[in-house]
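So the chains spell out like this:
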Amino acid sequence: MRWLCYHLLLRECLGANKMVNGFIILFGLTMLYLAATSRIIAHIRILIAQGILLFLICCCGMKHITFLNFAFLTVETLIVKSIIIPAFLYKVLKKTHSNRDVAPNIPHFYCLFIASTILMAGFLLSQYYVSAMKLISPIYFGVSAAVIIISLWLITIKHKIISNVIEFITMENGIFLLSLSVAKEMPMLVNMGVLLDVFIAVYILGLFINVINTEFKDLEVSNLSDLKDYEYND
Amino acid sequence: MINTILIFPIVACLLMLIIKNKCFTTLMVNLYAIIHFVITLLLAFGIGSRSSIPYFAVDNTNLIFLMVLSFVFLMVAVYNNGYVKTFDFPDVKIRNYSFMILVFVLSMTGTILSTDLGISWVLVEATTLSSAYLIYFNRTKHSIEAAWKYVFICSIGIALAFVGIILLNISSGNVNTLNFAQLYKYAATFNPNWLKAAFVFMMFGFGAKMGLAPIHFWLPDAHSEAPSPISALLSATLLNSAFMVIVRAFKIMVLADCVDYARFMMFVMGFISLFVTAVFVYHTRNYKRMLAYSSIENMGILIIGTALGGVAYFAVILHLIGHSLAKASFFLTSGNILELFGTKRIKSISGLINADGKTGWLWVISFLAICAFPTSVLFISEFIMIKTMLLQGHYWLCGLFTLLLTIILYGIGKVVIKTAFGNLSEDKKEQICTNKSRITFGMYFPQFVMLLIVFILGIYIPPFLNNIINCTVAGF
């Protein structure tokens, strides 16, 4: 009971309902920054920012939250998403010396334009289609859908393997935001399983990046296209 | 009983961390395979089906999947005993290999036994992560590439499946559960639009794991680069586990009266899978890749059969059993060929029967089993599906189905005949004679047993198995 009072007080202090929309919009805007930059260290910083924003959205957005749930969400957003995963990726980055993802398939200006269009479509979707639905918060839904689509699209145009992993994590962040859009909560066990799986997936992908770095000259995706049907070398 | 299947590998893995002995780890894999098989048999006879672990149970739908997994795992474990002896790797690596096999089979068993969609999702992802090491086991550039694609594509696919689960949660309105029984119970009250969107995501997500085109890209690479016993497990059990989750999702669609939409989507993905196989199997230069494409084809057939409904459900279960056994046999035999010739290149292999008669004939008979040559059980399943298509008036689809299957049959048959028959080149004879001595009896026996079952099931299905299949069909 005391916990609930503290939580409600925190929500009031933050001006919860107004603030949460701001945080969600900021979360969407981080994707524009991701689309427009080539420095991988900046991408990792974006991951930290997204983790913190997700934590703030959880704090302000969830009305009826138990202590256990809050503790879990804090671990998930603040510790795993903002500290552990970025720290691990930073370590991989230092080890592999791949600082920039130069010359993606599409120039950065067009990337920014396309990402903005997708984000705008997300807002429009939430405004005109989803707002009529009960049990869903429209702005959560629109921004998370946009984040998922932008991440998937960025995966297809980036050249560096580590960039692909970063976009995979932003996609997972988008899915996390989507799960917050539902007024109901997923069972705790499922949430824990999801977190564990994402964490291990990132860890394994990180290990593979190290292996690829030792086997190949650089961390370009094009190195991983030797397995073909029409020609085969043992 | 279910508790033992799920807890034993955890205990075994902990013991493997303490007792760092190669023989002990191999023993644990064998022991788990035997325990898994015995318990599954008992469950099949209705003994000890109560579980004290929440979220896991045996029901009408998953029993046959569990039986297939259990039997294939037992056969792979027998083969693996001989296969491990051919390794030139340090003991640590072989220990890790056995460790990861246990984790992999545990996650597949958990996926099959799970009564909750969320837990199924978590365990499907766990299968990806545990099998990544096994695919990367040979540590070549190709195996890195295959493992990377596998983890990355499947993780994205499974993440999209989670979007599907969230959308399903939205569609279920005030019903806040992911338990399958509860979802079935309230399916009629779900919002159809959100449910359809959820099914699209789940179909793509779990379909990626099942190897359905157009999200199949990881499959030929992973199956061809993994060690042969792992390829057999991937093809004969992992794909089935993902299929089972799709079957559960399909049942929700049926009960929610959105079945036409689901069927259309399944038909599209099934036929694209057949088309992709027909195109690529004809040109592939690697015989393990060819077998991988055959798995895509058979997954396509399973999904088409499920979309057809009615009697085709019975055919789907027969096909599932037949494909799992025949494909496991095919992959294990390909391991023998790789051991003999030291290459996966089709061009470099001929005169297999002259090189090693047993491997050669197992190769040919595995082909006959997989291409539905009577009395293979796959003949019965494909025959029933074609008949169902005709009875439902899908004449064009039936024509397309038979045409694509014929092209695939020709593509695989051409390779099998080229490799099995013909003369063995003189310069390879000595090397093959040396390699042949490394293939033990245990590397022929499992294939023989599995093929025998495939051909017997085509003419006689034991009453107890028939009952289980009928129960599964009722649970569809």
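Everything discussed here concerns the structure shown above.
Note that the coordinates shown come from a computational prediction; the quantities given were computed from them, not determined experimentally. (Residues numbered from 1 in each chain as written. Chains lettered and ligands numbered in written order. Predicted model: local features only at pLDDT ≥ 70, side-chain atom pairs only at ≥ 80, totals over all residues. Heavy atoms only, no water.)

> Explain the overall build of chain B here, please?
Of the regular secondary structure elements, chain B holds 20 helices and zero strands. What you see for chain B is a C-alpha radius of gyration of 21 Å, in line with the 23 Å of a compact globule of 476 residues. In terms of overall dimensions, chain B has C-alpha extents of about 70 × 60 × 45 Å along its principal axes. Here chain B, with 476 residues, has 66% of them falling under the buried criterion. A sequence separation of at least 24 residues applies to 82% of the contacts in chain B between residues at least 6 apart. Looking at chain B as shown, the accessible area adds up to about 15,800 Å², and 68% of this sits on carbon and sulfur atoms. If the 30 positive side-chain charges of chain B are averaged to one point and the 17 negative ones to another, these points end up 1 Å apart. (Helix = DSSP H or I, 4+ residues; strand = E, 2+ residues; numbered from the N terminus. Rg over C-alpha atoms; globule rule 2.2 N^0.38 Å. Buried < 20%, exposed > 50% of the residue type's maximum accessible area, 1.4 Å probe, protein only. Contact = heavy atoms within 4.5 Å. Areas by Shrake-Rupley, 256 points an atom, 1.4 Å probe, with all protein chains shown as cover. Lys, Arg positive; Asp, Glu negative; His and termini not counted. Charge placed at Lys NZ, Arg CZ, Asp CG, Glu CD.)

> What is the right way to look at the environment of B:Ala369 in this model?
All names here are of chain B. Looking at the secondary structure, you find alanine 369 in helix α15 (residues 357–370). As a C-alpha pair, alanine 369 and leucine 325 span 44 residues in sequence and 9.2 Å in three-dimensional space. Setting aside its immediate chain neighbours within four residues, alanine 369 contacts Ala326, Ser376, Leu378, Leu451, Val454 and Phe455.

> Mind showing me how you'd approach the packing of helix α3 (residues 62–85) of chain B against helix α19 (residues 445–457) of chain B here?
If you want to describe how two helices pack, look at the angle between their axes and the distance between the axes. Residue and element names in this part refer to chain B. One can describe the packing of α3 onto α19 by two numbers: an axis separation of 9 Å at closest approach and a directional angle of 155 degrees. Between α3 and α19, the angle falls in the class roughly antiparallel. Contacts between α3 and α19 involve Phe71, Met75, Val78 and Tyr79 from the former and Pro446, Gln447, Val449, Met450 and Ile453 from the latter. A breakdown of the residues in the contact of α3 with α19 according to their chemical character gives eight nonpolar, one polar and no charged. (Axes fitted to C-alpha atoms, helices over the stretch in contact; angles between N-to-C directions. Parallel < 35°, antiparallel > 145°, perpendicular 65-115°, else oblique. Nonpolar A, V, L, I, M, F, W, Y, C, P; charged D, E, K, R; others polar.)

> In this structure, what is going on with the nonpolar core? I would like to understand it.
Residue and element names in this part refer to chain B. Residues Trp148 and Trp363 are the most contacted members of the largest nonpolar core, which totals 276 residues. Considering every element that reaches this core, the biggest residue donor is helix α6 (residues 141–171), with 20 residues. In contact with tryptophan 363, not counting residues within four places along its chain, are Tyr287, Met290, Leu291, Phe330, Thr333, Ser334, Ile337, Leu352, Val416, Thr419 and Ala420. (Core = buried A, V, L, I, M, F, W, Y, C linked by side-chain atoms within 4.5 Å.)

> It is not clear to me how a nonpolar patch on the surface should be interpreted in this structure. Could you clarify?
Side chains of B:Ile7, B:Ile10, B:Val11, B:Leu14, B:Leu15, B:Leu17, B:Ile18 and B:Ile19 sit close together on the surface and give an oily, nonpolar patch of about 710 Å² of accessible area. By the secondary structure assignment, B:Leu14 is in helix α1 (residues 2–18). (Patch = residues over 30% accessible without salt bridge, like charges linked within 9 Å, V, L, I, M, F, W, Y side chains within 5 Å. Salt bridge = Lys/Arg side-chain N within 4 Å of Asp/Glu carboxyl O.)

> How do you make sense of the pattern of salt bridges when you look at a structure like this?
Residues and elements named next belong to chain B. Tallied over the full model, the rule gives six salt bridges over all chains. Here aspartate 59 ties to arginine 248 by a salt bridge, and the two come within 2.9 Å at their closest N and O atoms. Here aspartate 59 is found in the loop between α2 (22–44) and α3, whereas its partner arginine 248 is found in helix α10 (residues 228–255), with 189 residues between them in sequence. When the shortest N-O distance is used, the salt bridge between lysine 149 and glutamate 145 registers 3.0 Å.

> Help me out: how do you make sense of the side chain of B:Asp221 in this one?
Note that B:Asp221 resides in helix α9 (residues 218–225). In this structure B:Asp221 comes out as buried when scored by relative accessible area, which is 2%. A distance of 3.0 Å separates the side chain of B:Asp221 from the side chain of B:Lys149, its partner in a polar contact. When neighbours within four sequence positions are excluded, B:Asp221 is seen to be in contact with A:Leu227, B:Ala146, B:Lys149 and B:Arg289. (Polar contact = N/O pair within 3.5 Å; in protein donor to acceptor, adjacent residues only side chain to side chain.)

> Looking at this model, I keep getting lost on the interface of chain A and chain B. Mind explaining?
Many descriptions give the size of an interface as the accessible area lost when the pieces come together. In this complex, chain A contributes 48 residues to the contact, which on the side of chain B involves 53 residues. With both chains or domains summed, chain A and chain B bury close to 4,600 Å², and 73% of this area falls on carbon and sulfur atoms. If you look at where chain A meets chain B, you find zero salt bridges. Mapped onto the side of chain A that touches chain B, the elements with two or more residues apiece are α6 (138–157), α7 (161–181) and α8 (188–215) of chain A. Within the side of chain A that touches chain B, the residues separate by chemical class into 32 nonpolar, six polar and 10 charged. (Buried area = accessible area lost by both parts, 1.4 Å probe.)

> Before we go on, may I ask you to explain a positive patch on the surface in this structure?
All names here are of chain B. Together, Arg285, Lys347, Lys414 and Lys418 give the surface a local cluster of positive charge. If you trace the backbone, arginine 285 turns up in the loop between α11 (259–280) and α12 (287–308). Using a relative accessible area of 38% as the deciding quantity, one classes arginine 285 as partly exposed.

> Would you mind showing me how to read the side chain of A:Ser151 here?
All names here are of chain A. Note on placement: serine 151 falls in helix α6. There is a polar contact of 2.9 Å between the side chain of serine 151 and the side chain of threonine 170. Not counting the four nearest positions on each side in its chain, serine 151 is found in contact with Met31, Glu167, Thr170 and Met171.

> Would you mind showing me how to read the packing of helix α8 (residues 192–210) of chain B against α11(B) here?
Residues and elements named next belong to chain B. In contact at an axis separation of 10 Å, α8 and α11 are set at 25 degrees when each is read in the N-to-C sense. Comparing their axes, α11 and α8 come out roughly parallel. Between α8 and α11 lies a crossing of right-handed hand. Between α8 and α11, the residues in contact are Lys196, Phe199, Val200, Met203 and Phe204 and Tyr261, Ala262, Met265, Met266 and Met269, respectively. Considering only residue class, the contact of α8 with α11 consists of nine nonpolar, no polar and one charged. (Left-handed = near helix turned anticlockwise from the far one by under 90°.)

> Looking at this structure, I do not really get the environment of B:Ala420. What am I missing?
Within the fold, B:Ala420 resides in helix α17 (residues 395–420). Residues within four places of B:Ala420 in sequence aside, it is in contact with B:Gly351, B:Leu352, B:Ile353, B:Trp363 and B:Val364.

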